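Residues per chain, in single letters:
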Amino acid sequence: MSTRVQKWILSGPPLLYLLVFFAVPVGIMVVASFRYAGEFGGLAPLFGTGDPDEVAGLTVESYQRFFDDRIYLELFAKSFVYAVLTTVACLACAYPLSLMIARSPKKSRDLLVLLVILPFWSNFLIRVYAWMIILGPQSLFTRAFNGLTGAFGLEPMPLLFSPIAVLIGLVYVHLPFMVLPLYANLEKHDPALLDAAQDLGANAWQRFWRITFPLSLPGVYAGAALVFIPALGIFAIPDLLGGTDSMLIGNLVKQQFLDARDWPFGSVLSIVLTAAAILFAGLAAWFGRPKRA
Amino acid sequence: MNGRRKPWLLWAASALVYAFLYVPLVIVVVYSFNDSKLNAEWVGFTWHWYDVLFHDEQMLTAAWNSLLIALTSSAVATVLGTMAGYAMYRYKLRLLPVLVLTPIAIPEILLGVSLLIFFVLLEVTLGMLSIVLSHIAFSVGFVAIVVRSRLSGMDESLTEAARDLGATQWQALRLITLPLIMPGIVAGALMAFTLSIDDFVITFFTAGVDSTTLPLQIYSMIKIAVTPEVNAVSTLLMLVTLVMIVIASRLSPGGLRGH
Amino acid sequence: MALLEIRNVTRRFGDFLAVDDVSLSIGTGEFFTLLGPSGCGKTTLLRMIAGFDAPDGGEIVLDGQSMTDVPPEARNIHTVFQSYALFPHMTVADNIAFPLRMAKCPAADITPRVKEALDDVSLAGMEKRFPHELSGGQRQRVAVARALISRPKLLLLDEPLAALDAKLKERMQLELITLQKEVGITFVYVTHDQEEALALSHRIAVMNKGRVEQLDDPPTIYSFPKNRFVADFIGECNLLDGTVASQAGDAMTLDVPGLGSVRIVGSPGGSPGAAGTLALRPEKVSIGRELPADCANRFHGRVFDYLYTGDVTLYIVEVEGGQRVEVMLPNSAVGRSSKFFEPGDGVQVGWRDDAGHFLPD
């Protein structure tokens, strides 16, 4: 058997499958974003919409709608802010943890990492549900929290169905995505570098900011991309933990496909969302690229 | 050795993060045994919610569906993913790596809605079939990555040694490469299974009205109200996951590392 | 007064005694070497001097000041690490400037001093390079320049040449000797390579199992090892165990089983009946069908095997009694052919009575 034939036998089936069930659907969606919405939802029939501007049944109407209406751009900006806050909060939680694991004795590191991944293997909805319990109006935590804020003269406030709840949920669900790349990076640091810095006069603070942190940046960027991308498109967490004002771009996409049944506009939203996510991931990859060949 | 005082702060911060990770799950488990409709205060121990769970026809059907979908999709994804991983390792390919990696790199919701449009336009009835096909599409990449990384950790000279000692290419693959990357394949299969049984977003868009999976069922229950029956099913799911992890670590020590 | 005093320093790791009651006194401007096999405690001792590790007992005193409560960053001691530990995300200039920045040196002073330091190690023009763009020897020089720029009182070097190939190693040895003379800073050098230690040092402390076995200058260490360990560790050495048969003045006779009677002069004697070892360097043994007249000790035997190493050949000769003796013969004497003798050839081996060194047990 020639190498060429072997190559096709091996790569053919997965290639074909992913073409049909990934590339083609995405392609169709791109086309759909340039189509008209059907009268009863979905897509309009290919021809005869009666629009004089129509070219082969295609239109940029849905894109215009997105960029003309401030509501959508604002919603997008809001999702962006949530995703950034989630990323920053994940970084703040993940950094001490990853550093602690990386500096633990070798034999206990695997266990400590496993303990981070373990909750991540329980169902996503269970993890969100756990916070519905904790932040629920009658829960111990909420009562304690409001008792505490009450002592400072603040009005009791509901925790569940609030932006805070959405943020907590987002951080909780995405935290391992930040810990893993960060740990993988920190674990590889040569301890002799810190010895050298100390030997040459750097105190603990200087050692962290001049050696550990700059060297960990590739891990930070990788983690940021892994948290930011899913956080930007999420809809279940605002759905379950957020209030009426906590709608994010993901919720709007879901609405367009399931409730409003405006597929072209939903497709536009998904494409813009993905483009933003890929742009961000690209930037993170660029900043986090290995500088040492 | 150095900086003997500083790690305490690091340990304290890490302990807090671990608590943040585990306390919510512990609460879910504890309240599944609580003799109260509200997940608010401990009233007393009961098996009641498990009893309710095992008599909930819808929930049992959903669990059965989830299992069927996960088994089928992970089996197919493992075969396709192993082929893709091996092909990516062995040959210089351009299109396949892109097709394997992008479904992982893009927001799930994009894959969900594009598959929805695709199935509706092709007039495929949304249901078990569309769910399985979709799950395979996003699992293949994960299996391929795990298998590929296992292969690149393999000593290339082993297959060369086998060929040198008279094995044909096919024999070298069957007798040397496959057994050596088996832990990677098993890990990939388990990953595909877990991803499928846990998937919510893509299933949400491709499930249609008649078929439901465990995550969809849980979603619709907690969307309406918090009920300890969900705690019970969550506890059981966590238990199953834990058992699977233990089995996996026995089957392929080290195979679970590096995801 | 000595610059560095190590007073009864002990360090334990669990049951393992890494450094066992070591006392050393190192003077200003000295090139001092800690030599020993891996695990002998030399690196542990170095880390305690640097401050990365603390003694369980004893004290380290620099310039009259106890270092016990002084953290590494506050000690006026810098280290050249075995891996060099150059900061990979900083340029050569930033690496070298690091100690100055830590010491809050004014920015205007830093650039000229870095330039000067680079000139000193002949790396001018390399400021903007990153460590991964340098060769092994260049990295080593950057590490040395970085450790020396703020003029520490003491420079510690932890096997700094171990990663270099043989040729480069030799050149760097010469550079280190020159540099140390120029800057006049005390060097404490750790190595397991005895040739390196002999070539570089003013004084060597040979360490084994956490203790100092011998502290002397290189010629004394090589020619007059104090005990079996030092004799065996430094260079090649025949170690012939025997019993003292007779002793008169500074001459003695040693009975070596499998060999016979050996006459030794100039060694600290042992009284008759005492057990001891004759340490005999292979290059001090003659081999041939005829031997030079000054060989007081002569034995007949056969060539058992040989090891050709280019400049010299090491012959292993089995004498008639069964004892094996190693003999080193420079190949300069051979002419075109590579060796004098073949295995099985009958030969004589012999040495002067002052060639060996007696080590009482």
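Residues numbered from 1 in each chain as written. Chains lettered and ligands numbered in written order. Predicted model: local features only at pLDDT ≥ 70, side-chain atom pairs only at ≥ 80, totals over all residues. Heavy atoms only, no water.

In this section: the overall build of chain C. Within chain C, the regular secondary structure consists of 8 helices and 20 strands. If one aligns the C-alpha atoms of chain C with their principal axes, the spans along those axes are about 75 × 50 × 35 Å. In chain C, which comprises 361 residues, the share counted as buried stands at 50%. Considering only contacts within chain C whose residues lie at least 6 apart along the sequence, 65% involve residues at least 24 apart. Total accessible area on chain C stands at roughly 16,000 Å², and carbon and sulfur atoms take up 49% of it. (Helix = DSSP H or I, 4+ residues; strand = E, 2+ residues; numbered from the N terminus. Buried < 20%, exposed > 50% of the residue type's maximum accessible area, 1.4 Å probe, protein only. Contact = heavy atoms within 4.5 Å. Areas by Shrake-Rupley, 256 points an atom, 1.4 Å probe, with all protein chains shown as cover.)

So, on to unusual backbone geometry. Residues and elements named next belong to chain C. Of note in this structure, Asn8 is not a glycine but carries a positive phi near 50°. Owing to a relative accessible area of 44%, Asn8 belongs among the partly exposed residues under this scheme. With a phi close to 50°, Arg151 is a non-glycine residue in the positive phi region. Structurally, Arg151 can be placed in the loop between α4 (136-148) and β7 (154-158). By relative accessible area, which is 45% here, Arg151 ends up partly exposed.

Moving on, we come to the sheet that holds strand β4 (residues 57-62) of chain C. Residue and element names in this part refer to chain C. With antiparallel pairing, 4 strands are arranged side by side in an open sheet as β2-β1-β4-β5. The outermost strands of the open sheet, each flanked by one partner alone, are β2 (16-26) and β5 (65-66). Both strand β1 (residues 4-13) and β2 contribute to a ladder of 7 bridges, which runs antiparallel. Bridge pairing in β2 links Val9 to Val22. Across the sheet, helix α1 (residues 42-50) is in contact with β1, β2 and β4; its angle to β1 comes to roughly 120°. (Pairing = 2+ DSSP bridges. Axes fitted to C-alpha atoms, helices over the stretch in contact; angles between N-to-C directions.)

Before going further, it helps to spend a moment on the packing of aromatic side chains. The relation between two aromatic rings is expressed through the spacing of the ring centres and the mutual angle of the planes. Residues and elements named next belong to chain B. Going through the model one piece at a time under the given rule, you end up with 43 aromatic pairs over all chains. Considering the side-chain rings of Phe33 and Phe45, the 5.3 Å spacing of their centres and the 10° angle between planes classify their relative orientation as stacked. Here Phe45 lies in the loop between α1 (7-31) and α2 (48-54) and Phe33 lies in the loop between α1 and α2, a separation of 12 residues in the sequence. By relative accessible area, Phe33 is classed as buried at 18%. (Phe/Tyr/Trp six-rings, centres within 6.5 Å; stacked < 30°, edge-to-face > 60°.)

Turning to the interface of chain A and chain B, a few remarks are in order. Listed by partner, the interface residues are 82 residues for chain A and 81 residues for chain B. Taking both partners together, chain A and chain B bury about 7,300 Å²; carbon and sulfur atoms supply 79% of that area. Between chain A and chain B we count 0 salt bridges in total. Run the count over chain A and chain B and you get 10 residue pairs in polar contact (both at pLDDT 80 or more). No other element matches the 22 residues that helix α1 (residues 3-32) of chain A contributes to the side of chain A that touches chain B. Split into classes, the residues belonging to the side of chain A that touches chain B amount to 60 nonpolar, 13 polar and 9 charged. (Buried area = accessible area lost by both parts, 1.4 Å probe. Salt bridge = Lys/Arg side-chain N within 4 Å of Asp/Glu carboxyl O. Polar contact = N/O pair within 3.5 Å; in protein donor to acceptor, adjacent residues only side chain to side chain. Nonpolar A, V, L, I, M, F, W, Y, C, P; charged D, E, K, R; others polar.)

A few words now on the nonpolar core. Counting 148 residues, the largest nonpolar core has Ile101(A), Phe124(A), Ile237(A), Phe200(B) and Phe205(B) as the members making the most contacts within it. Those residues in contact with Phe205(B) that sit more than four places away from it in its chain are Phe235(A), Lys254(A), Phe257(A), Leu258(A), Ile109(B), Gly112(B), Val113(B), Leu116(B) and Leu126(B). Counting 43 residues, the second largest nonpolar core, distinct from the first, contains Phe32(C), Met102(C), Leu156(C) and Val188(C). (Core = buried A, V, L, I, M, F, W, Y, C linked by side-chain atoms within 4.5 Å.)

On to the pairing of strand β16 (residues 297-308) of chain C. Residue and element names in this part refer to chain C. Sheet topology note: the β16/strand β19 (residues 346-351) ladder contains 6 bridges and is antiparallel. Note on β19: the bridge partner recorded for Arg302 is Gly346. The turn linking β16 back onto strand β17 (residues 312-319) is made up of 3 residues, and Gly310 within it adopts a positive phi angle of 95°.

No statement about biological role is implied by the geometric values presented.
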